[in-house]
Structure formats: C-alpha cells, structure tokens
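Below are the chains, spelled out letter by letter.
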Amino acid sequence: MQRTLEEQRIEFTNRKFLATPLAGLIVWLIVGIAGLILPVTATVWVLFIGTGSIVYLGMFISKFTGENFMDKNKPKNTFDKLFLSGVGQAVLVYSIAIPFFILDYSSLPMTVGILTGLMWMPFSWIIQHWVGFFHAIARTVLVLLLWYVLPEHRFIAIPFVIVLIYIVTILILKNRKTEE
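Throughout this document, residue positions are counted from 1 along each chain, in the order its sequence is written. The model is predicted, so local features are restricted to residues of pLDDT at least 70 and side-chain atom pairs to those at 80 or more, both for listing and for counting; the totals for chains, interfaces and linings are taken over all residues. Note that the side-chain values use all heavy atoms of the structure and ignore hydrogens as well as water.

Focus on the overall build of the chain
- Helix numbers and strand numbers start at the N terminus; a helix is a DSSP run of H or I with at least 4 residues, a strand a run of E with at least 2. Regarding its fold elements, the chain presents 9 helices and 0 strands.
- The N-to-C order of helical and strand elements in the chain reads α-α-α-α-α-α-α-α-α.
- Against the globule reference of 16 Å for 180 residues, the chain gives a C-alpha radius of gyration of 17 Å, in line with a compact fold.
- Expressed as lengths along the three principal axes of its C-alpha atoms, the size of the chain is roughly 55 × 30 × 30 Å.
- For the chain, the residues scored as buried account for 45% of the 180 residues in total.
- By the convention used here, residues are in contact when the closest approach between their heavy atoms is within 4.5 Å. A separation threshold of at least 6 residues defines the contact pool for the chain, and within that pool the share at least 24 residues apart is 75%.
- Shrake-Rupley sampling with a 1.4 Å probe provides the accessible areas, and residues are treated as covered by the protein chains on show and by no other component. Carbon and sulfur atoms make up 72% of the accessible area of the chain, which totals about 10,000 Å².
- Charge assignment in this entry is limited to Lys and Arg as positive and Asp and Glu as negative, and neither His nor the chain termini are counted. Charged groups are reduced to one reference atom each: NZ for lysine, CZ for arginine, CG for aspartic acid, CD for glutamic acid. Distance between charge centroids for the chain: 4 Å, based on 14 positive and 10 negative side chains. Atoms considered for the radius of gyration are the C-alpha atoms alone. The globule rule reads 2.2 Å times the number of residues to the power 0.38. To sort residues, take the accessible area from a 1.4 Å probe on protein chains only and compare it with the maximum for the residue type: under 20% means buried, over 50% means exposed, and anything in between is partly exposed.

A few points about helix H4 (residues 78-92)
- Here a helix's expected span is defined as the number of its residues, less one, multiplied by 1.5 Å. Taking 1.5 Å of rise per residue, the 15 residues of H4 would be expected to cover 21 Å, and the 21 Å separating its terminal C-alpha atoms lies within 8% of that figure.
- Those residues of H4 that are buried lie in contact with helix H1 (5-13), helix H3 (40-65), helix H5 (94-103) and helix H7 (120-127).
- The definition of a polar contact used here is a pair of N or O atoms within 3.5 Å, where within protein one atom must be able to donate a hydrogen and the other to accept one, and adjacent residues in sequence count solely through side-chain atom pairs. Sitting at the head of H4, asparagine 77 places a side-chain oxygen 2.7 Å from the backbone nitrogen of phenylalanine 79.

Brief notes about the side chain of glutamate 67
- Locating glutamate 67 in the fold gives a position in the loop between H3 and H4.
- Only 3.2 Å separates the side chain of glutamate 67 from the backbone nitrogen of leucine 18, close enough to count as a polar contact.
- A polar atom in the side chain of glutamate 67 sits 2.8 Å from the backbone nitrogen of alanine 19.

What to know about the layout of surface pockets
- Quantified by volume, the largest pocket comes out at close to 1,200 Å³.
- Secondary-structure elements contributing two or more residues to the lining of the largest pocket are H1, helix H2 (19-37), H3, H4 and H7.
- In terms of residue count, the dominant contributor to the lining of the largest pocket is H4 (7 residues).
- Under the scheme applied, nonpolar residues are Ala, Val, Leu, Ile, Met, Phe, Trp, Tyr, Cys and Pro; charged residues are Asp, Glu, Lys and Arg; polar residues are all the others, including Gly. Here the residues of the lining of the largest pocket sort into 20 nonpolar, 7 polar and 11 charged.
- Note on definitions: the grid is 1 Å and covers protein atoms alone; a cavity is a set of points where a 1.4 Å probe fits but cannot get out; a pocket is an open set with protein on both sides within 12 Å along at least five of seven lines; lining residues have an atom within 4 Å of a point. What lines the second largest pocket is a set of 13 residues, among which Val40, Tyr105, Glu152, Arg154 and Phe155 lie closest to the centre.
- Listed by contribution, the elements that provide at least two residues to the lining of the second largest pocket are H3 and helix H9 (154-175). Grid points are joined across faces, edges and corners, and a volume is the space filled by probe spheres set on the points.

Laid out in structure tokens, this is it:
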C-alpha cells in the first residue's frame, strides 16, 4: 500500500533525530579541543576530516539511539531523500569554503560552521517545527559574530559555540511533541 506524502511526512517527523546532532556535537567538540591543544595546521585537518565524517558517525550512533539509519526493513520515505539532498548540499558547499580557506585559513571554522548548518532549515520545514530555524539562524549569527570578535580564537570559540547550539537543539528535539 502506497503512503501519501503527508503520511510519510508524519512518519519522518515522529523520529527522534538525535543521532546526527549528537554526531555533530561530538565532532565540533573534538575540533574545539584540537583548537585548544594542537597547532592550527593539525586543527584544520581535524575540522576537514571531522566535519566530513559527521554523517558516518551519525549512522553509527543511530544504532544506539534506536534510529538505525541502515535498517533495510524500514519503508522508503520521500523525506529521507529530501533530507539527504540537504546533506549533499552541505558537502557541496565545501566548494565555497575551500577557496576562502586557501586565501585565509582562519575563514574555515566560519565557512564550514555556517554552510554545513544550513541543512537545518529544510529539516525544520519538513517536521513543521522551529528547531531547525533556531539552529541555522543562531549558528549563522553567533559564528559570524565570533569570527569578527575573536579573530585569534576562531578555531576554539566557533566550534564551542556550535557545540552549545547542538546541546540546545538536542534538548529541544528531545522535548518536542510529535504528531500522531
């Protein structure tokens, strides 16, 4: 039996959505710690590799949150494809981040921090909840602010503010009401 788009949206909306934000939180925490203790050249690699690994870490964590992204028995959902398109969009924005990084290495936490957070906006639209708009807008404003205000600490302050935004986002996701 084919489910309507609205049925699929409700099914998608009723998920926990904890694995991917937890993965993002862990990676950005590691980037921030790297900024505290490693030279910038090593921290750049941690940022590139870590942020590129969020989706894979999310897949691993999903086994423990009950979301299990790799479950082959789950029915196909159109909104999974839409969300994955948002993930693909985030990967493509590295084409903006890398040239700026080559010109100014300190732009990396700002560009990657903002551009990879944009996928939260279509997520908010799908689940019809403000949490994704909060995440994307707060992340953009605070990352940009810190980039200007703390130029000597960009690889520390920006990752830690992203971690803080993830913590708030996870709390909101855990406490939101789902549809029936």
